[in-house]
Amino acid sequence: MTDKISLTRYLVEQQRVHGRIPPELRLLIEVVARACKRISISVNKGALGEILGSADTENVQGEVQKKLDVIANEVLIEANEWGGHLAAMASEEMDSIYVVPNRFPKGEYLLMFDPLDGSSNIDVNVSIGTIFSVLRKQHDDPTIIDPVCEADFLQPGRQQVAAGYCVYGPQTTLVLTVGDGVAMFTLDREQGSWVLTQDQVQIPADTKEFAINMSNMRHWDAPVRRYIDECLQGKEGPRGKDFNMRWVASMVADVHRILTRGGVFMYPWDKREPDKPGKLRLMYEANPMGWLVEQAGGAATNGRQRILDIVPGKLHERVSVVLGSRNEVERVTGYHLEADEATAKA
Ligand code: AHG
Ligand code: MN
Ligand code: MN
């Protein structure tokens, strides 16, 4: 590669040439990318950096935090709180929103993140990641500065102004959208810079690969069972083709594979916790991933409805997720709607 495009240049061009992002949003994305670089360095140190194992604390979702969950959360807060571009942040690892302290200037953006996605994979040296989503604080008059609160965050995903993830795998890759397609940047460790390695990523509409935690099969709803059962029947079944299965247990890694070569990812509602709409979190997992997938020509639903149209009722809201290759997502969604119609008629 002779003419390398850095993340900075990509963002400057999004600002200057395409007029798509203001300078404050450019700064915000660069700061998040810098924080991801720091997290990547910690991840690479592994046992040498004392980052493995449990922190012996619990987050608001009742999950035991790993040391790296806590470290990554702190890195993202420390990197972002002083720049003047943010009003507040929210994270999987914090019960409530983190308002930028008064000693720092404030901006109009809201940053949400899953600081460390795929926590069960940290200690076993399998790909993990960071997911982020950016919203603008809603105001008719941007000169009005009032205290920011949780309600400011409760916007549907279609209002995101930037979203992305960083996957810490054999390579460290930052994947980003600001609404102009999906761009991938690989971390050049010698230079310490993010280099554009793919732009306008496209997910094939059809696929022969699905990702779901099959061990939960007995808890699924009928439409999900029907879809997977048909895939498993392969060439001899109604789909007339053999399917392959992958499940990394890090959403970032599964979504990264889908953005790279297609596929469908599902974490559906199941009967283990009937009162929860799903396992994954809407605002800092499903929304950013859903927008990236849509920007790459794929689709993302909760089985019935477009994820980006869901109006959140609370910060840590959960959701069923079906995303990836368009025709497969439409098929799964169609099976849910058919089942609903049959129930309504009965
Ligand atoms: P997190 O580590 O941020 O809590 O997210 C884990 C999520 C997601 O990354 C993955 O797809 C899923 O949980 C794995 O769940 P199972 O262990 O139930 O397969
Ligand atoms: Mn996660
Ligand atoms: Mn996490």
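Coordinates for the structure precede this section.
Bear in mind that the values here come from a model prediction, so they are computed numbers and not experimental data. (Residues numbered from 1 in each chain as written. Chains lettered and ligands numbered in written order. Predicted model: local features only at pLDDT ≥ 70, side-chain atom pairs only at ≥ 80, totals over all residues. Heavy atoms only, no water.)

**Focus on the sheet that holds strand S12 (residues 244-245)**
- Spatially, S12-S11-S13-S17-S15 is the arrangement adopted by the 5 strands of the open sheet, whose pairing is mixed. Lying at the two open borders of the sheet, with one neighbouring strand each, are S12 and strand S15 (299-301).
- Its contacts with the sheet place helix H5 (residues 222-232) against strand S11 (209-211) and strand S13 (264-267), and it is angled at close to 140° to S13.
- Lying over the sheet, helix H6 (residues 251-261) contacts S11, S13 and strand S17 (321-324), oriented at roughly 35° with respect to S17. (Pairing = 2+ DSSP bridges. Helix = DSSP H or I, 4+ residues; strand = E, 2+ residues; numbered from the N terminus. Contact = heavy atoms within 4.5 Å. Axes fitted to C-alpha atoms, helices over the stretch in contact; angles between N-to-C directions.)

**Examining the coordination of the manganese ion (ligand 2)**
- Around the manganese ion (ligand 2), the donor atoms from the protein are Asp114 (OD), Asp117 (OD) and Glu285 (OE), and they sit 1.9 to 2.1 Å away.
- Between the donor residues of the manganese ion (ligand 2), the gaps in sequence give the motif D-x2-D-x167-E.
- A separation of 3.8 Å is found between the manganese ion (ligand 2) and the manganese ion (ligand 3), both of which receive a donor from Asp114. (Donors = N, O, S within 2.8 Å, 3.2 Å for Na, K, Ca; no water.)

**Observations concerning the site of ligand 1**
- Around ligand 1 sit 17 residues in total, of which Asp117, Ser119, Asn213, Met251 and Tyr267 are the nearest.
- The side chain of Glu92 places a nitrogen or oxygen atom 2.9 Å from an oxygen atom of ligand 1.
- A distance of 3.2 Å is found between an oxygen atom of ligand 1 and a side-chain nitrogen or oxygen belonging to Arg281.
- For ligand 1, whose accessible area on its own is 470 Å², the fraction buried by protein is 86%.
- Those elements giving two or more residues to the shell around ligand 1 turn out to be strand S5 (109-117), S13 and strand S14 (280-281).
- In terms of residue count, the dominant contributor to the shell around ligand 1 is S5 (3 residues).
- Lining the shell around ligand 1 are residues from two domains, each supplying at least three of them: domain 1 (7-198) and domain 2 (209-345). (Near = heavy atom within 4 Å. Polar contact = N/O pair within 3.5 Å; in protein donor to acceptor, adjacent residues only side chain to side chain. Areas by Shrake-Rupley, 256 points an atom, 1.4 Å probe, with all protein chains shown as cover. Domains from an automatic or database assignment.)

**A look at the packing of aromatic side chains**
- Summed over all chains, the structure comprises 4 aromatic pairs.
- Ring centres of Tyr10 and Phe185 lie 5.2 Å apart, and the angle between their planes is 75°; this geometry places the pair in the edge-to-face category. Taken as a pair, Tyr10 in helix H1 (residues 7-16) and Phe185 in strand S9 (residues 183-188) lie far apart in primary sequence, 175 residues in all. No difference in accessibility class separates Tyr10 from Phe185, as the two residues are buried.
- A network of ring pairs unites the aromatic residues Trp247, Phe265 and Tyr267 as a single cluster. (Phe/Tyr/Trp six-rings, centres within 6.5 Å; stacked < 30°, edge-to-face > 60°. Buried < 20%, exposed > 50% of the residue type's maximum accessible area, 1.4 Å probe, protein only.)

Just distances and angles here, no functional claims.
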